[in-house]
Amino acid sequence: MSSAPATASAPPIEVHDLTVSYDKKPVLWNIDVAIPEGQIVGIIGPNGAGKSTLIKSIMGLMPAESGWVKIYGEPLSRQRRLVGYVPQRESVDWDFPVTVRDVVLMGTYGRLGLFRRPGKAERALCDQCLEQVSMAGYADRQIANLSGGQRQRVFLARALAQDSRIYLMDEPFVGVDAATESAIIELLRNLKSQQRTLLVVHHDLQTAPDYFDSILMLNMRLVAFGPTSDVFTTPILQKTYGGRLTILSEAAEQVAGTRR
Amino acid sequence: MPDSIPFLPPFEFHEHVLNLWREPQFHDTATTVLMGFLVAAACGWIGCYLLLQGMALLGDAISHTVLLGIVLAALLTGQVGGAAMFVGAALTGLITTALIEALHSTCRVKEDAAIGIVFTSLFALGVALLSIFASRAHIDTEHVLYGDLGAVANSEAMTIGKLQVPIPIAQMALVAGLVAALIVAFYKELLVVSFDPQLAAALGLRPRAVRYGMMAVLSITVVGAFSSVGSILVVAMLIAPAATAYLLTRRLAVMFAWSTLASGLSSLLGYHVAFWLDVSIAGVMVSVACGLFALAFLFAPGQGLVAAAVRRWRLRMRMHQENFVRQLLKAGAASGEPLVDAGRLASTLGTSRMSAAWVVAGLHRRGWIESAAGPRGGIRMTARGRTQAERLDRAHRLWETYLVEQVGLASDHVHLTAEEVEHSLSEQLVETVDDALGHPAIDPHGAPIPRSPIADWAPGVFSLSKLRVGDRARIVGLTEFPAGIVAALTEPDRSTREVVELGLTLGQDLQVVDHATQPPVWKVSLADGRTREVPHRLADLVLVQLVGVPPGGTRR
Amino acid sequence: MSPHLSHHWILLDSGLWTQLVRFWTFHDRAVQTAAVGMAFLAISSATLGCFILLRRMSLLGDSLGHAVLPGVCLGFLVNLKKDPLWILAGALASAFLASWLIGFLKRHSRLKSDAVMGLVLSGFYGIGIVLLTRIQRIPAGTQSGLRGFLFGQASAISERDLWVMGIMSLVIVLSVAVAFKELVLTSFDEGFATAIGLPVRSLHYLLMGLTALAVVISIQVMGLVLVSAMLITPAASALLFTDRMRTLVLLAVAFGVTGGLLGLNLSFLDSNFATGPFVVLTLAIVFAGAYLFSPRYGVAVRALRRWRQSQRTQRENLLKSVYLALPAGIEPSDITIEQLAGARREAAVRTGRLVRSLVHRGWATLAHDRVALTDAGRRRAQELDRNYRLWEQFLTEEVNLPIDHTQRDAENIEHILGPELVRELEARFEQRHA
């Protein structure tokens, strides 16, 4: 188990007035949100709405232009061990000469600290994580020989090995088979039952209401955030996917134009 | 004593520049410079395509591996030069390309590594053969490393017409001519292939065949250049002039011109500097070519480092200036008088007194402010400055209102974003925002938003929707082509009839007595004392002229 | 020819065999020094090469190699001597300057990274050539031995050079060993590495710095023109054999050292031979061997495997058609090769060859041109038929392919379905149809 949260009352993730630019063009405008503990939260929005950008800037992978992110009331740099991350599958080279076990062991590196090698305890944990995603038989396989669903399971096992309080997942359901999809959601619910918080980028409106306790509707700005039943409504969906966004994106272009 | 030779000999203009262009040295100078130019120009032209297609690496590889073809041809025919060498080189070029493709498509070695492996191996083979059969190949390894441009002038000559032309020059001229002819003949095809290989494939142009063709031509060019610049420096000839040209223009045809100019300059300067220092001419040519690139990188208009820095500095200055006049506007509004102390304003802007002085000087120059006479000094905004300040203030407040009302942000932290956005928004976009918000008169903080300075139809003619509470105006027209986007979405015919049915007629005087923004409705009282409620889309159609107060005037 | 080459003259007077023996027994001092130096540089370059290769920075080694030339020349100019420390310092400075310049130009211009690297590489090299040719004009420079740096001259290394190389290789190997896990993670998944708080940028600079170091200690032996091959080629060869990072590094080192020593041996056959080209050649031969014959990824091995599989498919298809051509209960000995060939629409010669391969496997007998299945053959044919039907059923029922689309897929898959999968399919359909 990870160490206890620094401040009991502070939310797992608090985002305040976060503006993020990509190639000098603002893609997220003044996001303000506090994610409650012990929920599966979906980030939903059209293509180019900045869903992955939000996750990445919470993880500190993209610099914020304004605003801040706090994890249990503290800046991320002090709380990295509390946050697990599942990047998009395409972000790595699957020909890389590592085995499934090597990848899962990477989840323990944060805890191990610099220059220390994973030992017996880490290996045992890694096997256990692989067990949880039903990949125990694949531990010594090279990652190139895995299907899309299996690769996603490996990434999830790596996140499990991080043993974090909070998990940020970038499109974990994209391009996986039905069996993997249900296995993943089962896993997420299991994590939730341990009072962990999950923030998941998702693009399938069909399954969204079943999967998530709360939904964050995003389209360059925060459209709505709240319990799924309150937020997953026709007007809000229309506002997210349609709506008058021409002004915002036009302004983003003009801001980028002056900066170049 | 040999030790008296200095590392850097003194430069003498007469000896190292002028005399070279007089007899008896004229012939040597001219042939060498011409050869250098031909090599650099032909390489530069191909280099333009390599650069645009992202194949600089492949060009690098081929210029190395061609050595193998040259050595094999030399060993087989027993002589350096001649057609066999060109054929051998073209074949090695094709084989290199094919090997690289085969490597990274059939095994897990990625393209960059495949290029690295193939070119080092074939090049090493060439050098090894050269050293094993040194006596038969007549090529020095020194040649491979940096060529011998100076030897061109002394090489065997052939007679063309009345001219005695050294054979290497004739060969290189032929190669350069071939490259130029191919580029002219296939200009459009090459353009499509470079710009969009998929489109090219769809058009039936076979980008792969084109690539192989280019590599063959490249190999031939490298052979022509080999004796002058060797196998390695030719890489610089391929990339440097093309890259210089690439920074100076965005058009392919112009790129060729710049790259030709860069080639000529490097050849000319290279020769003189090399003569002065008594060093490898090709080495200096490459250094000069890279120096030209550095100049372009620093000083290219638009994209150069200096130009970019100037642009950024200007932008910052403009933002400061605009912020400054907005502060002046606010201060004036607060104290009720236009005279303000410049030092105090600098501190409210959060800038140093130095840069505040710069900003003030800039504003003076632009005629936005003037120094106030009198014992208290200070500065005063001009009418022009006030218009600008109001334009900015309007953009700022409208953007804040937009963020709060339509984007749904909390009103306490929209300010920061608006501070930057206000300087970037075009006037048109500001008007669009204004219309989308229903032409509000106050922002979320309760401060008034300056009115639109833009006349819709003719000077001084606005749509009714731009009027504020208390404005008096006269109806001067109706339009079927409304200014706002909301109205544009409705059918004009019906709307015009509705305006008439509301009782608004030409020449009537009216006064706005109320204005709600959600939904946008204007309540106007007409001359006869009756009041009418005009909705947004109709208000956009009614053209009015203010009576009494001019638009953008002092009343706020 | 430079005078310091003369100390391995002894090698040249004797025959090839004597030379080989003398080299590989490391009898001569000169051979010893050169071989130890070669081992040092091969170990450090091949180790780093694995990471360079996987990060797709292969051109970087090449760029750094060419870029050290001006630094080498300036290092020489300090006291007009080939002092290893000054040369090392100059080379390192110029390599760092080049890699900084590459990064700077990439950030501040529209040029793509390959063009930037090519530009910096050849620009530095050009300046280096100017300096080198200038040095050759001054008296101290004519016999400087600097030309050995271009294609490499292993016999020119002194014992002092060896010390420098040894210490630097130790630094490189130790650094990689200590930061191994971090280097692997940042090379594999930079985003994740950043997310868990690894100092990704510092690790990148560490790798660049170590690579510059490896290049600099290699140029004396490998030559700056070809130095990048020692980084990439052994690593790429190793990548064709293994899927483990640790094994990759060890194999790359083994290939690097072997290829390096072999090449060194070749280059010692004549005093006019530079070392670099011959080492690169042997490394290339090692790579070509791996490319063709590595058990897992070798192109020839894979082609053989594919050919065997297609032979098997053809054979088994024939077996099935013999089996299916015979209605149940009829004695199977009355099918001729011509009839089979006719039914399969192929040349009789081809059918005959396949039939003989069936006979060879003990699945059929051939008497007077008539084919008969043995019991074993019949059993295999039944098995194949069953697999085919199961798969076809699976495709139509579970994958919902229309029946006419299933044929081709089923045709090929029946030969490779393992017993485990067949059992699973059976269980699935039994359950359904029960």
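Residues numbered from 1 in each chain as written. Chains lettered and ligands numbered in written order. Predicted model: local features only at pLDDT ≥ 70, side-chain atom pairs only at ≥ 80, totals over all residues.

## Side note on the overall build of chain A
Logical step 1: Assigned secondary structure in chain A consists of eleven helices and ten strands.
Logical step 2: Each principal axis of the C-alpha atoms in chain A carries an extent, and together these give about 55 × 40 × 40 Å.
Logical step 3: Looking at chain A as a whole, 46% of its 260 residues are labelled buried.
Logical step 4: Considering only contacts in chain A between residues 6 or more positions apart, those separated by 24 or more positions represent 73%. (Helix = DSSP H or I, 4+ residues; strand = E, 2+ residues; numbered from the N terminus. Buried ≥ 20, exposed ≤ 12 C-beta atoms within 10 Å, placed from the backbone. Contact = placed C-beta atoms within 7 Å.)

## Some words on the interface of chain B and chain C
Logical step 1: The partner chain C presents 50 residues to the 51 residues of chain B that form the contact.
Logical step 2: Elements represented by at least two residues in the side of chain B that touches chain C include exactly α3 (56–77), α5 (111–132), α7 (141–146), α12 (233–248) and α14 (281–299) of chain B.
Logical step 3: Among the elements that line the side of chain B that touches chain C, the one with the most residues is α5 of chain B, at eleven residues.
Logical step 4: Considering only residue class, the side of chain B that touches chain C consists of 34 nonpolar, eleven polar and six charged. (Nonpolar A, V, L, I, M, F, W, Y, C, P; charged D, E, K, R; others polar.)

## Topic: the confidence of the model for chain A
It should be kept in mind that the predicted coordinates are not to be read in detail where pLDDT is low.
Logical step 1: In the predicted model, chain A carries a mean pLDDT of 88, and 96% of its residues have values of at least 70.
Logical step 2: This stretch, residues 1–7 of chain A, has a pLDDT under 50; its non-local contacts, to residues over four places away or in other chains, come to 13 contacts. (pLDDT = per-residue confidence, 0-100.)

## Some thoughts on the pairing of strand β8 (residues 520–526) of chain B
On any regular strand, side chains alternate: one points to one face of the sheet, the next to the other face.
All names here are of chain B.
Logical step 1: Bridge count for strand β7 (residues 509–517) against β8 is seven bridges, and the pairing is antiparallel. Across the sheet, the residue bridging to L510 is L526, located in β8.
Logical step 2: Turn length for the β7-β8 hairpin, with the two strands adjacent in sequence and antiparallel, is two residues.
Logical step 3: Connecting β8 to the antiparallel partner strand β9 (residues 531–535) that follows it, the hairpin turn spans four residues, and G529 within it adopts a positive phi of roughly 90 degrees. (Pairing = 2+ DSSP bridges.)

## With respect to the interface of chain B and chain A
Logical step 1: Listed as interface residues are 22 residues of chain B and, on the opposing side, 17 residues of chain A.
Logical step 2: Elements that contribute at least two residues to the side of chain B that touches chain A include exactly α18 (383–407), α19 (415–424) and α20 (427–436) of chain B.
Logical step 3: It is α19 of chain B that contributes the most residues to the side of chain B that touches chain A, six residues altogether.
Logical step 4: The class makeup of the residues in the side of chain B that touches chain A is 13 nonpolar, seven polar and two charged.

## Side note on the pairing of strand β10 (residues 221–227) of chain A
All names here are of chain A.
Logical step 1: Of the pairings in the sheet, the one linking strand β9 (residues 214–219) to β10 comprises six bridges and is antiparallel in character. The residue bridging N219 from the neighbouring strand is R221, located in β10.
Logical step 2: What sits between β9 and β10 in their antiparallel hairpin is a turn of one residue, with M220 showing a positive phi close to 65 degrees.

## Here we look at the packing of helix α2 (residues 26–52) of chain B against α14 of chain B
Residue and element names in this part refer to chain B.
Logical step 1: Contact geometry for α2 and α14: axes closest at 12 Å, N-to-C directions at 55 degrees. Relative to α14, the element α2 is oriented oblique. In the crossing of α2 with α14, the sense of the turn from one axis to the other is right-handed. Two secondary-structure elements touch here, α2 through T32, G36 and A40 and α14 through I281, M285 and A289. (Axes fitted to C-alpha atoms, helices over the stretch in contact; angles between N-to-C directions. Parallel < 35°, antiparallel > 145°, perpendicular 65-115°, else oblique. Left-handed = near helix turned anticlockwise from the far one by under 90°.)

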